[in-house]
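These are the residues of each chain, in order.
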Amino acid sequence: MVAQVTMSCMTLFPHTSQAAPRRHGFGLWAVAFAFLAVLAFSTVPTPLYAIYQARDGFSTFVITVIFAAYAVGVVLALFFAGHLSDQVGRRRSLIAALLLAVVSAIVFLVSRDLVGLLIGRVLSGLSVGVVTATATAFLAELHLGERPGSSPRRAQVLATTANLGGLGLGPIAAGALAQWVGAPLTVSYAIFGGLLVVAIVLVALAPETVTRPAQRPPYRPQRVAVPAHARSTFFAAAAGAFVSFAAFGLFTSLAPSFIAGTLGHHSHALAGVPAITGFGAAILAQTAAGSWDVRRLAGTGTAGLSAGLALLVTALFALSLPLFLLGGVITGAGAGLLFKGGIVRASALAAASENRAEVLAGFFLSGYLGLSVPVLGLGVATQFVEPKVALLAFAALLLAGAIVSSWPRRKAAVPVPA
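All figures in this text were calculated on a predicted structure; none of them were measured in a lab.

(A) View of the overall build of the chain. The helix and strand inventory of the chain stands at 17 helices and zero strands. Relative to its 418 residues, the chain shows a buried fraction of 53%. For the chain, the share of sequence-separated contacts (at least 6 apart) that also reach a separation of at least 24 residues comes to 84%. Surface accessibility of the chain: about 17,000 Å² in total, with carbon and sulfur atoms responsible for 70%.

If you want it as C-alpha cells, here you go:
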C-alpha cells in the first residue's frame, strides 16, 4: 500500500528524473504563469493609490513610503531566502512564495488602513524576492528537461517577459477594473488572489529539478562579494541596475499621481498606462537589441533614457498628457537596454568568479535600492517644491548615474561578451 501511494505521488508530483519531457514542458508554462501572476500582483496597487489618497488624504510622500516598503521586502528576501531553492527545491520554494503572495492579497482585502497597506506591500515584496531568483532558475532547468542540449534563449525570453510583462500587466488590469467595476479596492485583489491560487496548483504539478542534498548545509544569508580586480566593471553594472530600476520605480509609484495631480486626468484606467507602456517598451527594446555588445547597449540605453526623461519633464511643464506617455515609452526602452547591459556585465563577472551568487546578489541589491531610494527622495521633494521641479532633479540624478554606468566600460578588467 505504501509503495502504491509513493508511486502515485511520484506520478502526480514527479522529480525531474521520473518526469517525461512533456511534463517539463507543462512545468515550464506553469512556472512562467506563476512568475507573471506574482509580478503582476505586485503592481496592482499602482493605479489604486489615487483612490487611497482621496479616501484617506495620503500625501505623495506617504505613497512613496508604501512603495518603498515593497522594495524593502524584495531586498530582505533576496538576502535571506532567494538562494534557498538550491537546497530545499525549486517547487517547494516557489509554492511558499506564492502562498506568501496570497497572504498579501488577503491583507489588502481585510486591512485597508496605512498599516495594512505597509504590511501587504512588505509581504508582496518578500514573495517577489523569492520568486525572481527561484523562477528564473526553474524555467532554465525545465526548458533543458524538455529540450536537452538546446539554446537557453527560450527560457531567458520567458523569464524576461514574465518579469517585466507582469510588472506592466498589473497596473493596466487593476486600473481598468477600478474604472469600470465597482468596489475597486476589493475586486482587483480578489481576482489576482484567485490567479495566485491557480498558480499554486499548477506549480505543484510541475516536476522538481533540484535534488536536495542528503545533509542540508548550515543556513547562512546570501553574501555579496566582488573580485577586487573587477570592481570598476561591477560598479558600472551596478550603476546601470540602479538607474534602470529607478526609472521603472517611477512608472509604478508616482506616475499615476503626476497624471492625476499635475496633468489633471483622473481616470483609473489611465493611471495604469505608464507602467504597461514603459515595461512593454523595455521588453521590445531588449528583444530588438538581440546580441548587441555591452558598449552599444549602454550607449543606446543612456541616450534613450536621456531623451525619455527630458520628454517627461517637458510634459509636466507643458501640461501635455501625450508627451508624458511618449516620454514614458522612450524612458522604458532606454532603461530596458541599460539593464540588459548591466546584467551582461554582471553575468560575465559571475562566470569568472568562484562566488557567482554573491556577485549577482550585489547586482540585484543595487537594482532594488534604485527601485526605492530615488523614488522615495522624489516623494520627499514633492513636499517642498512643485512636482515638475522635483522630477527635473530626479531626471538629472538618473542621467548622472547612466553616464557613470557607461564610463568605465573601456577599462573593463573582465571580458564582457554580448
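(B) Fine view of a nonpolar patch on the surface. Together, Phe61, Val65, Phe317, Val380, Phe384, Val385, Val389 and Leu392 make up a nonpolar patch on the protein surface, roughly 670 Å² of accessible area in all. Among the secondary structure elements, those contributing two or more residues to the nonpolar patch are α4 (60–80) and α17 (387–406). For Phe384, the position within the fold is in the loop between α16 (356–381) and α17.

(C) Broad picture of the confidence of the model for the chain. Across the chain, the average pLDDT comes to 82, with 88% of residues at or above 70. Segment residues 409–418: pLDDT under 50, and 25 contacts once partners within four positions in sequence are set aside and those in other chains are kept.

(D) Seen up close, the environment of Phe234. By the element assignment, Phe234 lies in helix α10 (residues 231–252). Once the C-alpha coordinates of Phe234 and Ala348 are considered, the two residues, 114 residues apart in sequence, prove to be 9.8 Å apart.

(E) Inspection of the packing of aromatic side chains at higher detail. As enumerated under the stated definition, the model contains eight aromatic pairs in all. Plain terms: the ring middles of Phe67 and Tyr70 are 6.3 Å apart, the flat faces sit at 40° to each other, and that makes the pair tilted. Taken together, the residues span about one helical turn, with Phe67 and Tyr70 both in helix α4 at a distance of three residues. A relative accessible area of 2% means that Phe67 is categorised as buried. Arranged with centres 5.3 Å apart and planes meeting at 50°, the rings of Phe245 and Phe339 form a pair that is tilted.

(F) Geometry of empty space enclosed by the protein. Under the defined criterion, the tally for this structure stands at two cavities of 30 Å³ or more. Of the voids in this model, the second largest cavity is the one considered here, and its volume is about 30 Å³. Around the second largest cavity sit Leu250, Phe251, Ala255, Leu312, Phe324 and Gly328, which together line it. Every element with two or more residues in the lining of the second largest cavity is listed here: α10 and α15 (321–351). Looking at the lining of the second largest cavity, its residues break down into five nonpolar, one polar and no charged.

(G) Fine view of the packing of α10 against α17. Running from amino to carboxyl end, α10 crosses α17 at an angle of 155°, the nearest separation of the two axes being 7 Å. As judged from the angle between their axes, α10 and α17 are roughly antiparallel. As α10 runs across α17, the sense of the crossing is left-handed. Taken together, the residues of α17 that come into contact with α10 (itself represented by Ala236, Ala239, Gly240, Val243, Ala246, Ala247 and Leu250) are Leu391, Phe394, Leu398, Gly401, Ala402, Val404 and Ser405. Each residue belonging to the contact of α10 with α17 can be placed in one class, and the counts come to 11 nonpolar, three polar and no charged.

Calculation rules
Residues numbered from 1 in each chain as written. Predicted model: local features only at pLDDT ≥ 70, side-chain atom pairs only at ≥ 80, totals over all residues. Heavy atoms only, no water. Helix = DSSP H or I, 4+ residues; strand = E, 2+ residues; numbered from the N terminus. Buried < 20%, exposed > 50% of the residue type's maximum accessible area, 1.4 Å probe, protein only. Contact = heavy atoms within 4.5 Å. Areas by Shrake-Rupley, 256 points an atom, 1.4 Å probe, with all protein chains shown as cover. Patch = residues over 30% accessible without salt bridge, like charges linked within 9 Å, V, L, I, M, F, W, Y side chains within 5 Å. Salt bridge = Lys/Arg side-chain N within 4 Å of Asp/Glu carboxyl O. pLDDT = per-residue confidence, 0-100. Phe/Tyr/Trp six-rings, centres within 6.5 Å; stacked < 30°, edge-to-face > 60°. 1 Å grid on protein atoms, 1.4 Å probe; cavity = no way out; pocket = protein on both sides within 12 Å on 5 of 7 lines; lining within 4 Å. Points joined across faces, edges and corners; volume = space filled by probe spheres on them. Nonpolar A, V, L, I, M, F, W, Y, C, P; charged D, E, K, R; others polar. Axes fitted to C-alpha atoms, helices over the stretch in contact; angles between N-to-C directions. Parallel < 35°, antiparallel > 145°, perpendicular 65-115°, else oblique. Left-handed = near helix turned anticlockwise from the far one by under 90°.

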